[in-house]
Amino acid sequence: MKTVLITGASSGIGKAFAELFAKNNYRIILASRNEEKLDLIARQLEISYGVSTITIPVDLAQSSGPVLLHERLQELGIQIDVLINNAGIGSFGLLHEMDVSSELEMLQLNVHSLSHLMMLFLPAMVQRGSGHILNVGSTTSFYPCPLSANYSASKAFVLSFTESVANELQGTGVTATALCPGPTGTEFFRTSKMDGQSVANPKGLMSPQAVAEVGYKALMGKRTFVVPGFQNWILTQVPRFFPRKFVTRVTRSVLEQKL
Ligand SMILES: NC(=O)c1ccc[n+]([C@@H]2O[C@H](COP(=O)([O-])OP(=O)(O)OC[C@H]3O[C@@H](n4cnc5c(N)ncnc54)[C@H](OP(=O)(O)O)[C@@H]3O)[C@@H](O)[C@H]2O)c1
């Protein structure tokens, strides 16, 4: 039985990934901070799909988080076949008015931890000549977003980083994929304090299940990146044909619109 490690598995896209991998008969390792939620999801997966699960509570916004997670899996003697680097948070507001420590925590989670986990799990995968990694970016990976400056830059990192590493991995049997969703119906907008903005309008949201399915197919198809939804894909490609300053003005006006 193959094993998948999913970070941020306690809700939203990560939880949808857990269900999808369970349907495909993987052993599921669920990691995030909320142990109670992880245990509940793990029990549901065991009952519904008969798969084996392990929950590992860990705060990946702490610099020690990735090492603690890797060490715990080594203690348990578990080899990871697929890593879903999904845990992430957003933020909303003018940079000069933001709480510095919260912004730094977000960068630690969205950038440092994601890269650190890849560096911890890749060597064994390359040695074995097999493995898949999926990093969750965003449509904001493709353009600057004022009022979400650190967040959009963190997601630009995810896409650029994944594309570079995917190229390095050619011929090793290991693949890296960036999943770049647009607005999705999860806890994200509430925790990012964006739930009053029109971008969080429920009518425009994809379901986390649909996003995870697109990511799963792209991962198994060894694609370097994928944008779920045709409209989201258009929104990531059109800006390339316009001056960046204009694109930046447009993304700001979109983010400023209230519900
Ligand atoms: N929803 C969207 O519109 C959207 C669009 C583009 C990209 N994304 C990306 O999709 C990914 C998943 O987000 P989501 O939309 O599914 O949101 P979500 O429902 O809020 O899920 C976020 C997950 O990250 C975990 N997490 C947060 N802080 C953590 C920490 N310090 N350590 C470990 N885990 C932590 C949360 O679990 P705990 O609270 O239990 O720790 C939760 O499981 C993120 O990377 C996000 O940037 C979302």
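Structure report, in brief. (Residues numbered from 1 in each chain as written. Predicted model: local features only at pLDDT ≥ 70, side-chain atom pairs only at ≥ 80, totals over all residues. Heavy atoms only, no water.)

### Observations concerning the pattern of salt bridges
Tallying each qualifying case throughout the model produces three salt bridges. Residue E187 pairs with R190 through a salt bridge whose shortest N-O separation is 2.5 Å. According to the relative accessible area criterion, E187 is partly exposed, its value standing at 33%. Notably, a salt bridge pairs R252 with E256, separated by 2.9 Å at the nearest N-O pair. A residue pair is termed a helical-turn pair when its members lie 3 or 4 positions apart in one helix, as R252 and E256 do in helix α9 (residues 244–256) at four residues. Looking at R252, the relative accessible area reads 34%, which means it is partly exposed. Judged by relative accessible area, which is 40%, E256 ranks as partly exposed. (Salt bridge = Lys/Arg side-chain N within 4 Å of Asp/Glu carboxyl O. Buried < 20%, exposed > 50% of the residue type's maximum accessible area, 1.4 Å probe, protein only. Helix = DSSP H or I, 4+ residues; strand = E, 2+ residues; numbered from the N terminus.)

### Regarding a nonpolar patch on the surface
Taken together, the side chains of F230, W233, I234, V238, F241, F242, F246, V250 and V254 define a hydrophobic patch exposed on the protein surface, amounting to about 860 Å² of accessible area. Residue assignment for the nonpolar patch shows that the elements contributing at least two residues are α8 (230–237) and α9. Position of V238 among the secondary structure elements: in the loop between α8 and α9. Judged by relative accessible area, which is 38%, V238 ranks as partly exposed. (Patch = residues over 30% accessible without salt bridge, like charges linked within 9 Å, V, L, I, M, F, W, Y side chains within 5 Å. Areas by Shrake-Rupley, 256 points an atom, 1.4 Å probe, with all protein chains shown as cover.)

### Some points on the nonpolar core
One finds I6, F17, F21, I28, L30 and I84 to be the most contacted residues of the largest nonpolar core, which totals 29 residues. Sorting the residues of this core by element identifies β1 (3–7), α1 (12–23), β2 (27–32), α2 (35–49), β4 (82–85), β5 (131–136) and α7 (208–220) as the ones contributing at least two each. Per-element accounting of this core gives the leading share, seven residues, to α1. In this structure, I28 is in contact with V4, I6, A18, F21, A22, L45, V51, S52, T53 and I54, ignoring residues within four places of it in sequence. Listed in part, the 28 residues of the second largest apolar core include L5, I29, V58 and L60. (Core = buried A, V, L, I, M, F, W, Y, C linked by side-chain atoms within 4.5 Å. Contact = heavy atoms within 4.5 Å.)

### Remarks on unusual backbone geometry
Unusually for a residue other than glycine, N25 sits at a positive phi of about 65 degrees. Within the secondary structure layout, N25 lies in the loop between α1 and β2. Of the residues examined, N25 reaches a relative accessible area of 45% and is grouped as partly exposed. Notably, K193 is not glycine yet its phi reads approximately 60 degrees, a positive angle. Inspection of the secondary structure puts K193 in the loop between α6 (188–191) and α7.

### A look at the site of the ligand
In the region of the ligand, 31 residues are neighbours, and S11, S32, R33, Y151 and T186 sit closest. In this structure, a nitrogen atom belonging to the ligand sits 3.5 Å away from a main-chain N or O atom of A61. Starting from 880 Å² of accessible surface for the ligand in isolation, the protein chains cover 94%. Elements that contribute at least two residues to the shell around the ligand include exactly α1, α5 (149–168) and α6. A breakdown of the residues in the shell around the ligand according to their chemical character gives 14 nonpolar, 13 polar and four charged. (Near = heavy atom within 4 Å. Polar contact = N/O pair within 3.5 Å; in protein donor to acceptor, adjacent residues only side chain to side chain. Nonpolar A, V, L, I, M, F, W, Y, C, P; charged D, E, K, R; others polar.)

### Structural notes on the packing of helix α3 (residues 65–75) against helix α4 (residues 100–128)
Packing of α3 against α4 brings their axes to within 9 Å, and their N-to-C directions diverge by 30 degrees. When the axis of α3 is compared with that of α4, the two are roughly parallel. Every pair of crossing elements has a handedness; the one defined by α3 and α4 is right-handed. Taking contact as the criterion, the partners of P66, V67, L69, H70 and L73 in α3 are, on α4, S113, H116, L117, L120 and F121. Counted by class, the contact of α3 with α4 contains seven nonpolar, three polar and no charged residues. (Axes fitted to C-alpha atoms, helices over the stretch in contact; angles between N-to-C directions. Parallel < 35°, antiparallel > 145°, perpendicular 65-115°, else oblique. Left-handed = near helix turned anticlockwise from the far one by under 90°.)

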